[in-house]
Amino acid sequence: MNATTVASAHATVVGVDLAKSVFQLVVADASWTVRESHRLTRSQFERWFANRAVALVVMEACGSAHHWARWLQARGIAVKLLPAAYVRAYVKRNKTDAADAAALLEAARCVDIVPVRIKSVEQQGLQALHRTRSLWMATRTSRINALRGFCREFGIAIAQGARLGVEQIARVLADPHSAVPTLIRGTMVLLVEEIRLLEARIAQLERALSALARQSPACTTLLSIPGVGLLTATAMVAATSGSVQHFRDARHFASWFGLTPKEHSSGSTRHLGRISKRGDRYLRMLLTHGARAVLRAAKMAAQSGRDLDPLRRWALGVQSRSNHNKAACALANKMARICYATLRDGEPYGSPRRINQKIERTALAMPG
């Protein structure tokens, strides 16, 4: 038996730097001493684990990492996904694929780095639905802005609001005596048709999300929280699988969204600044928009003399002491903590009377 065979027999940990077609592997033994380094194609990578006794594979939580983690777990191999931002500090000298793979082995030994939970196929599919909706919404917004700009160049003022603006543009284009020249009129009509098609597709996607929410106990539980609607509930279930047992506490859960303040401390001086804005940007955006909606509704209810629940009274109190943006971030933080408590206990927040209404509500519901 040669030295390479002996080293392979004792190899227990493999660091993998993933790519589209080339995979860099660094193999270490039980004492974390690097014994081998391989640069493999995709097919070679799949065959490499067939005759190897590997105890642990360490990878960055990047594109395709969850797929390969599930593939390795199906073969009885333990997998640890590490946040890419924390692995970067362990890269020595120049950045290469081999250095990145070796850095993964060093980072895996740090007990303070919490691994990323491996997502299921269903979770990633649900996240893909949300990403698709975001892309369609951005495309719709860009088309509307282009039409507004064209109309402005011809001296036509368009009202604010996406829905009202598109309707007004359609009427302008349908009028043969409008100021829009014939040269551009046909192209603008095509843009309006594209917007209508995008709206129909977005509404269809939201109906699919509504069907998923009805079948998910975690979604229906989250929908009982003020400011949490269909998008926020389904996106949170996609990110967490509806379980929060791997989070230490509610504050840890809120910090996962980047909703806790940055801290700069030294000695007896402690300074808390703005929110960190780390973690899931999409969920943080949804929670913040939900908090703004709750604040606006609470202010209107207070002006009309209606009774407010403790959460809305607290939010208005924060707004009166600071400003609207700070109150929205503070309320989004509290909403994240409430989400943690409801998912942990499996019980709805307050009275779940409006859950069905939230499930049925869509941003671009098309008329029947």
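In this text, all values refer to a predicted model and were calculated from it rather than measured experimentally.

Looking at the overall build of the protein chain
Part 1 of the argument: The secondary structure content of the protein chain amounts to 15 helices and 7 strands.
Part 2 of the argument: Rg of the C-alpha trace for the protein chain: 26 Å, well past the compact-globule value of 21 Å for 368 residues, more than 25% over.
Part 3 of the argument: Oriented by its inertia axes, the alpha-carbon framework of the protein chain measures out at about 90 × 60 × 45 Å.
Part 4 of the argument: Taken over 368 residues, the protein chain has a buried fraction of 42%.
Part 5 of the argument: Considering only contacts in the protein chain between residues 6 or more positions apart, those separated by 24 or more positions represent 55%.
Part 6 of the argument: Entry remark: accessible area of the protein chain is about 20400 Å², with carbon and sulfur atoms responsible for 53%.
Part 7 of the argument: Side chains of the protein chain carry 53 positive and 25 negative charges; the gap between the two charge centres is 5 Å.

A word on the pattern of salt bridges
Part 1 of the argument: The tally for this structure, following the rule as stated, stands at 12 salt bridges.
Part 2 of the argument: A single salt-bridge network, built from bridges that share partners, covers Arg140, Arg196 and Glu199.

Some details on the pairing of strand 5 (residues 78-82)
Both faces of the sheet carry side chains from a regular strand, because those side chains alternate between them.
Part 1 of the argument: The pairing of strand 4 (residues 56-60) with strand 5 spans 5 bridges and is parallel. Following the sheet pairing, valine 58 is matched in strand 5 by lysine 80.
Part 2 of the argument: Regarding the hand of the β-α-β motif, the stretch spanning strand 4, helix 3 (residues 65-73) and strand 5 is right-handed.

Some points on the environment of isoleucine 156
Part 1 of the argument: Here isoleucine 156 shows up in the loop between helix 6 (121-153) and helix 7 (162-174).
Part 2 of the argument: Judged by relative accessible area, isoleucine 156 falls into the buried class, the value being 15%.

Some words on the packing of helix 6 against helix 8 (residues 182-215)
Part 1 of the argument: At a minimum axis distance of 9 Å, the contact between helix 6 and helix 8 shows a crossing angle of 155 degrees. Judged by the inter-axis angle, helix 6 sits roughly antiparallel to helix 8. Our pair here, helix 6 against helix 8, has a crossing hand that is left-handed.
Part 2 of the argument: Tallied by class, residues from the contact of helix 6 with helix 8 come to 17 nonpolar, 3 polar and 7 charged.

Here's the deal with the layout of surface pockets
Part 1 of the argument: One number sums up the size of the largest pocket: a volume of about 1600 Å³.
Part 2 of the argument: Along its surface, the largest pocket is lined by 44 residues, and Pro83, Tyr86, Trp256, Gly279 and Asp280 are the ones closest to its centre.
Part 3 of the argument: Secondary-structure elements contributing two or more residues to the lining of the largest pocket are helix 3, helix 4 (84-87), helix 6, helix 10 (230-240), helix 11 (250-256), strand 6 (261-266) and helix 12 (281-303).

Some words on the pairing of strand 3 (residues 34-41)
Part 1 of the argument: Both strand 2 (residues 22-29) and strand 3 contribute to a ladder of 7 bridges, which runs antiparallel. Paired with alanine 28 across the strands is valine 34, a residue of strand 3.

Quick notes on the side chain of serine 276
Part 1 of the argument: Assignment of secondary structure puts serine 276 in the loop between strand 7 (269-275) and helix 12.
Part 2 of the argument: Serine 276 sits in the buried class, given a relative accessible area of 15%.
Part 3 of the argument: In this structure, serine 276 is in contact with Gly258, Thr260 and Lys262, ignoring residues within four places of it in sequence.

Regarding the packing of aromatic side chains
For any two aromatic rings, the description comes down to two numbers: the centre-to-centre distance and the angle of the planes.
Part 1 of the argument: Overall, the coordinates contain 14 aromatic pairs when judged by the stated rule.
Part 2 of the argument: Summarising the aromatic geometry, the rings of phenylalanine 23 and phenylalanine 45 are spaced 4.6 Å apart at their centres and angled 10 degrees between planes, so their arrangement reads as stacked. Highlighted residues: phenylalanine 23 in strand 2 and phenylalanine 45 in helix 2 (residues 42-48), separated in sequence by 22 residues.
Part 3 of the argument: For phenylalanine 23, a relative accessible area of 0% puts it in the buried group.
Part 4 of the argument: Judged by centre distance (5.0 Å) and plane angle (80 degrees), the rings of tryptophan 48 and phenylalanine 49 are edge-to-face. Summarising the burial analysis for this pair, tryptophan 48 and phenylalanine 49 share the class buried.
Part 5 of the argument: Feature note: the residues Phe23, Phe45, Trp48, Phe49, Trp68 and Trp71 constitute an aromatic cluster, connected by ring pairs.

So, the packing of helix 12 against helix 13 (residues 310-321)
Part 1 of the argument: Interhelical geometry of helix 12 versus helix 13 gives an angle of 95 degrees and a closest axis separation of 10 Å. Comparing their axes, helix 13 and helix 12 come out roughly perpendicular. Contacts between helix 12 and helix 13 involve Val294, Leu295, Ala298, Lys299 and Ala302 from the former and Arg312, Ala315, Leu316 and Gln319 from the latter.
Part 2 of the argument: The class makeup of the residues in the contact of helix 12 with helix 13 is 6 nonpolar, 1 polar and 2 charged.

As for the state of the cysteines
Part 1 of the argument: Under the definition given, this model contains 0 disulfides.
Part 2 of the argument: Looking at the unpaired cysteine 62, the closest cysteine sulfur is the one in cysteine 110, lying at 19 Å.
Part 3 of the argument: Cysteine 62 sits in the partly exposed class, given a relative accessible area of 31%.

Focus on the nonpolar core
Soluble globular proteins: nonpolar side chains tend toward being buried together.
Part 1 of the argument: Among the nonpolar cores identified, the biggest contains 52 residues, and Leu222, Met236, Phe253, Phe257, Leu287 and Leu331 are the most heavily contacted of them.
Part 2 of the argument: When contributions to this core are tallied by element, the ones reaching two or more residues are helix 8, helix 9 (217-222), helix 10, helix 11, helix 12, helix 13, helix 14 (324-345) and helix 15 (355-360).
Part 3 of the argument: For this core, the element with the highest residue contribution is helix 14, accounting for 10 residues.
Part 4 of the argument: Residues in contact with leucine 331, not counting those within four places in the same chain, are Ala291, Val294, Leu295, Leu311, Trp314 and Ala315.
Part 5 of the argument: Residues Val27, Phe49, Met59 and Ile77 belong to the second largest nonpolar core, which totals 21 residues.

Thresholds applied
Residues numbered from 1 in each chain as written. Predicted model: local features only at pLDDT ≥ 70, side-chain atom pairs only at ≥ 80, totals over all residues. Heavy atoms only, no water. Helix = DSSP H or I, 4+ residues; strand = E, 2+ residues; numbered from the N terminus. Rg over C-alpha atoms; globule rule 2.2 N^0.38 Å. Buried < 20%, exposed > 50% of the residue type's maximum accessible area, 1.4 Å probe, protein only. Contact = heavy atoms within 4.5 Å. Areas by Shrake-Rupley, 256 points an atom, 1.4 Å probe, with all protein chains shown as cover. Lys, Arg positive; Asp, Glu negative; His and termini not counted. Charge placed at Lys NZ, Arg CZ, Asp CG, Glu CD. Salt bridge = Lys/Arg side-chain N within 4 Å of Asp/Glu carboxyl O. Pairing = 2+ DSSP bridges. Right-handed = clockwise from strand over helix to strand, strands pointing away. Axes fitted to C-alpha atoms, helices over the stretch in contact; angles between N-to-C directions. Parallel < 35°, antiparallel > 145°, perpendicular 65-115°, else oblique. Left-handed = near helix turned anticlockwise from the far one by under 90°. Nonpolar A, V, L, I, M, F, W, Y, C, P; charged D, E, K, R; others polar. 1 Å grid on protein atoms, 1.4 Å probe; cavity = no way out; pocket = protein on both sides within 12 Å on 5 of 7 lines; lining within 4 Å. Points joined across faces, edges and corners; volume = space filled by probe spheres on them. Phe/Tyr/Trp six-rings, centres within 6.5 Å; stacked < 30°, edge-to-face > 60°. Disulfide = S-S within 2.5 Å. Core = buried A, V, L, I, M, F, W, Y, C linked by side-chain atoms within 4.5 Å.

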